[in-house]
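# Fold and contact review
Listed below are the residues making up each chain.
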Amino acid sequence: MRGLPSRRSERRSTGDSFAVEKDGVVSGVRLDVRPDGAIWFVIPALDRIAVLRDGVTTQWAIRDDTHLGANPVDFEVDGDIVWYLCNGESGIDAGHSIFGRLDTVSGQIREWEIPGGRPGGFYRAPDGKVWFPQTDRRLQSVDLETLEVVD
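Residues numbered from 1 in each chain as written. Predicted model: local features only at pLDDT ≥ 70, side-chain atom pairs only at ≥ 80, totals over all residues. Heavy atoms only, no water.

This part covers the nonpolar core. In terms of nonpolar packing, the biggest core is built from 17 residues, with Trp40, Ile49, Ile62, Phe75, Val82, Tyr84 and Leu102 touching the most fellow members. At the level of elements, strand S5 (39-43), strand S6 (48-53), strand S8 (72-78), strand S9 (81-86) and strand S10 (96-103) are the ones that each hand at least two residues to this core. Per element, the largest residue contribution to this core is three residues, and it comes from S9. One finds Val73, Leu85, Val130 and Val142 within the second-largest nonpolar core, a separate group that totals 14 residues. (Core = buried A, V, L, I, M, F, W, Y, C linked by side-chain atoms within 4.5 Å. Buried < 20%, exposed > 50% of the residue type's maximum accessible area, 1.4 Å probe, protein only. Helix = DSSP H or I, 4+ residues; strand = E, 2+ residues; numbered from the N terminus.)

Following this line, the structure appears as structure tokens:
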């Protein structure tokens, strides 16, 4: 058992919208089609979270264009909140990952640095812990309130 590194970051991201025909790169790793018809995806090369709704794409940058490399690989939409996982090394130490929370209304981003390998997915448990499959046959849980990490 150990605690997370003390580094947490909070910042804002504006949602930029544009018509599909003017859209640039779309290279997401997976899609989430919501009951309202919205199609959510991530754009790893541009460090963005995006939604296509009624012919308009809205994107939120989780890194500015001069600090790309976070590489978002997984996400979960929960109302106006998008939880996401990055396994790149933009602004963090090698061997760590970023788990984040984007409020798509306010643009507020909060991130936690997760020690371990480069997981490709996560599970948010009902008790508030987040689980990550790690390298070396490890399953890791992180409590985002207490910052306790258990392998």
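Moving on from the coordinates now.
What follows covers the environment of Arg53. Structurally, the position occupied by Arg53 is in strand S6. Taking the C-alpha atoms as reference, Arg53 lies 6.6 Å from Ile39; in sequence the two are 14 residues apart. The residues contacting Arg53, other than those within four sequence positions of it, are Asp36, Ala38 and Trp40. (Contact = heavy atoms within 4.5 Å.)

In this structure the tally under the stated criterion is seven salt bridges. One salt bridge in this structure joins Arg34 and Asp32, with 3.2 Å as the shortest N-O distance. Taken together, the shared-partner salt bridges in this structure form one network comprising Glu76, Asp78 and Arg124. (Salt bridge = Lys/Arg side-chain N within 4 Å of Asp/Glu carboxyl O.)

Now for the packing of aromatic side chains. Tallied over the full model, the rule gives six aromatic pairs. The interplanar angle of 20 degrees and the centroid separation of 6.3 Å between the aromatic rings of Trp83 and Trp112 together place this pair among those described as stacked. On the criterion of sequence distance, the pair formed by Trp83 in strand S9 and Trp112 in strand S11 (residues 108-115) is long-range, its members being 29 residues apart. Of the residues examined, Trp83 reaches a relative accessible area of 10% and is grouped as buried. Grouped by ring-pair contacts, the aromatic residues Trp83, Phe99, Trp112, Phe122 and Phe132 constitute a single cluster. Its guanidinium or amino end placed over the ring of Phe75, Arg30 lies 4.2 Å from that ring's centre, counting from NZ or CZ. (Phe/Tyr/Trp six-rings, centres within 6.5 Å; stacked < 30°, edge-to-face > 60°. Lys NZ or Arg CZ within 6 Å of the ring centre and 35° of its normal.)

For the rest of this paragraph, the subject is the side chain of Gln59. One can find Gln59 in strand S7 (residues 56-61). There is a polar contact of 3.1 Å between the side chain of Gln59 and the side chain of Arg48. (Polar contact = N/O pair within 3.5 Å; in protein donor to acceptor, adjacent residues only side chain to side chain.)

The next thing to look at is the pairing of strand S13 (residues 129-134). The side chains of a regular strand alternate between both faces of the sheet. Across the two faces of S13 the burial differs, with Val130, Phe132 and Gln134 buried and Lys129, Trp131 and Pro133 not buried at all. Here strand S12 (residues 123-124) hands over to S13 after four residues, with Gly128 in that stretch at a positive phi of 95 degrees. Here six bridges tie S13 to strand S14 (residues 138-143), and the two strands are oriented antiparallel to one another. In the sheet register, Phe132 faces S14, and the bridge partner there is Gln140. (Pairing = 2+ DSSP bridges.)

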